[in-house]
Structure formats: structure tokens, C-alpha cells
Amino acid sequence: MRELSPSARLRIEELSARYPHKRSALIPSLQIAQREAGYVSEEAMVEIARLMDLSPNEVREVVSFYSLLHQQPSGRYVIRVCTNISCQLCDAEGILHHLRCRLGIAPGETTPDMKYTLLEVECLGSCGTSPVMQINNDYHDNLTPEKIDHILDGLQ
Ligand code: FES
């Protein structure tokens, strides 16, 4: 159970007050909740819905739509692997397979030590440098299994 902290609640209220319609602050408010807990909990969604005069379902729909918002606790490193068409043509499946083997988890799962979460996502907007993955906010492109190993070895 992860409710919003009083300071997060205050920041969300301040943010909402900047807009003619409170709901305009929904995405940044969800980001505040996620930064605090590492994901957007059910309790946070309900509270944000109340603060923005929305239904909890309206907030859930937004959270489930964006792959950058997590509904479950996620690892310290969230790895998003694009398997859309350009990456698919450049062996994205092989890249994903390599990550599955190396991390021992399937897409949508987190390692038991909470270090890595692996996600399969739609186009990351870097089709010209396929295949592509994103680790937290950093892009890694023209991937090969060797390059992936080197990147992961460099993470603390
Ligand atoms: S298809 Fe993979 S980045 Fe666009």
C-alpha cells in the first residue's frame, strides 16, 4: 500500500492550480507519484483521481496506456526493448531473447533483486538506429548481444 506523501499531495495540488482544468495536470501528477514510490500504486491513482475530480477508472486508463508509467514496483533499471517493425527487421527478437536469457526474466517481469525490469514496447522513435532499447532515460541503439552485455556490465 503506497499512498501519496503529504509533500507529493501538496505538489500535485499546486500543479493542478496552474491550469484552468485540474485534469491537465494529470500526467505530471502521476509522474510525481511514480518518482516517489517507483510506480503508481492503486492508492495513489484513487487519490489523484479525487484531487482532479476524475473517476479512478479515468486515471487507471491513462496509467495503463503509457508504458513509462508503472502499475507495479519496478526495478532500478527499467529496460524497454522495441519490437516494432524497423527493430523487428533488425533482429529485435534476438535482442529480446538475449536479454531474457541474461536477466532470467520475461517481458513484464522484474528480477528478484529488484535491479531490472524488462519490458517489450512499441516504437521508441529511433527507427533509423534499430534495434533499440531504452534503460531508464537513456537510449541504446544499433544493438548486438555483445553491446548489450557491455552496457549491462557497466550498470552498478
Ligand atoms: S521501430 Fe524500433 S524504434 Fe521505431
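Conventions adopted
Residues numbered from 1 in each chain as written. Predicted model: local features only at pLDDT ≥ 70, side-chain atom pairs only at ≥ 80, totals over all residues. Heavy atoms only, no water. Buried < 20%, exposed > 50% of the residue type's maximum accessible area, 1.4 Å probe, protein only. Helix = DSSP H or I, 4+ residues; strand = E, 2+ residues; numbered from the N terminus. Pairing = 2+ DSSP bridges. 1 Å grid on protein atoms, 1.4 Å probe; cavity = no way out; pocket = protein on both sides within 12 Å on 5 of 7 lines; lining within 4 Å. Points joined across faces, edges and corners; volume = space filled by probe spheres on them. Nonpolar A, V, L, I, M, F, W, Y, C, P; charged D, E, K, R; others polar. Domains from an automatic or database assignment. Patch = residues over 30% accessible without salt bridge, like charges linked within 9 Å, V, L, I, M, F, W, Y side chains within 5 Å. Areas by Shrake-Rupley, 256 points an atom, 1.4 Å probe, with all protein chains shown as cover. Salt bridge = Lys/Arg side-chain N within 4 Å of Asp/Glu carboxyl O. Lys, Arg positive; Asp, Glu negative; His and termini not counted. Charge placed at Lys NZ, Arg CZ, Asp CG, Glu CD. Core = buried A, V, L, I, M, F, W, Y, C linked by side-chain atoms within 4.5 Å. Contact = heavy atoms within 4.5 Å.

## Here's the deal with the pairing of strand β1 (residues 77–82)
Here's step 1: By the criterion of burial, β1 is predominantly enclosed, with six of the six residues buried.
Here's step 2: What you see with β1 is no split at all: Tyr77, Ile79 and Val81 on one side and Val78, Arg80 and Cys82 on the other are buried throughout.
Here's step 3: Across three bridges, the pairing between β1 and strand β3 (residues 133–135) is antiparallel. Across the sheet, isoleucine 79 pairs through a bridge with isoleucine 135, a residue of β3.

## Remarks on the layout of surface pockets
Here's step 1: Put simply, the largest pocket is a space of about 470 Å³.
Here's step 2: Residue assignment for the lining of the largest pocket shows that the elements contributing at least two residues are α2 (26–37) and β1.
Here's step 3: Counting residues per element, the lining of the largest pocket draws most heavily on α2, at four residues.
Here's step 4: For the lining of the largest pocket, the per-class residue count stands at five nonpolar, nine polar and three charged.
Here's step 5: Both of domain 1 (6–65) and domain 2 (77–153) provide at least three residues apiece to the lining of the largest pocket.
Here's step 6: Counted as a void, the second largest pocket has a volume near 240 Å³.
Here's step 7: Of all the secondary structure elements, the ones that give two or more residues to the lining of the second largest pocket are α4 (56–65) and β2 (116–121).

## A closer look at the pairing of β2
Here's step 1: Of all six residues that make up β2, five are buried, and the element is covered over most of its length.
Here's step 2: Pairing of β1 with β2 involves six bridges; the strand directions are parallel. Opposite valine 78, over in β2, you have threonine 117 as the bridge partner.

## A few points about the domain arrangement of the protein chain
Here's step 1: The assigned domain composition of the protein chain is domain 1 (6–65) and domain 2 (77–153).
Here's step 2: The straight-line distance from the C-alpha centre of domain 1 to that of domain 2 is 29 Å.

## Section: a negative patch on the surface
Here's step 1: Together, Asp91, Glu93, Glu120 and Glu122 give the surface a local cluster of negative charge.
Here's step 2: Overall, glutamate 93 belongs to the partly exposed group, its relative accessible area being 44%.

## Points about the nonpolar core
Here's step 1: In terms of nonpolar packing, the biggest core is built from 21 residues, with Leu4, Leu26, Leu30, Ile48, Met52 and Val59 touching the most fellow members.
Here's step 2: Broken down by secondary-structure element, the contributors of at least two residues to this core are α1 (6–16), α2, α3 (42–51) and α4.
Here's step 3: Ranked by residues supplied to this core, first place goes to α3 with five residues.
Here's step 4: Those residues in contact with isoleucine 48 that lie beyond four places of it in its chain are Leu4, Ile12, Leu26, Ser29, Leu30 and Ala33.
Here's step 5: Of all hydrophobic cores here, the second largest spans 16 residues; its members include Val81, Leu99, Leu103 and Leu118.

## Details of unusual backbone geometry
Here's step 1: The omega angle of the peptide bond from serine 130 to proline 131 is -5 degrees, so this bond is cis rather than trans.
Here's step 2: With respect to the secondary-structure elements, proline 131 resides in the loop between β2 and β3.
Here's step 3: A positive phi angle is found at aspartate 53, which is not glycine, with a value near 55 degrees.
Here's step 4: Inspection of the secondary structure puts aspartate 53 in the loop between α3 and α4.
Here's step 5: With a phi angle near 50 degrees, asparagine 136 is a residue other than glycine that sits in the positive phi range.
Here's step 6: Within the fold, asparagine 136 resides in the loop between β3 and β4 (138–140).

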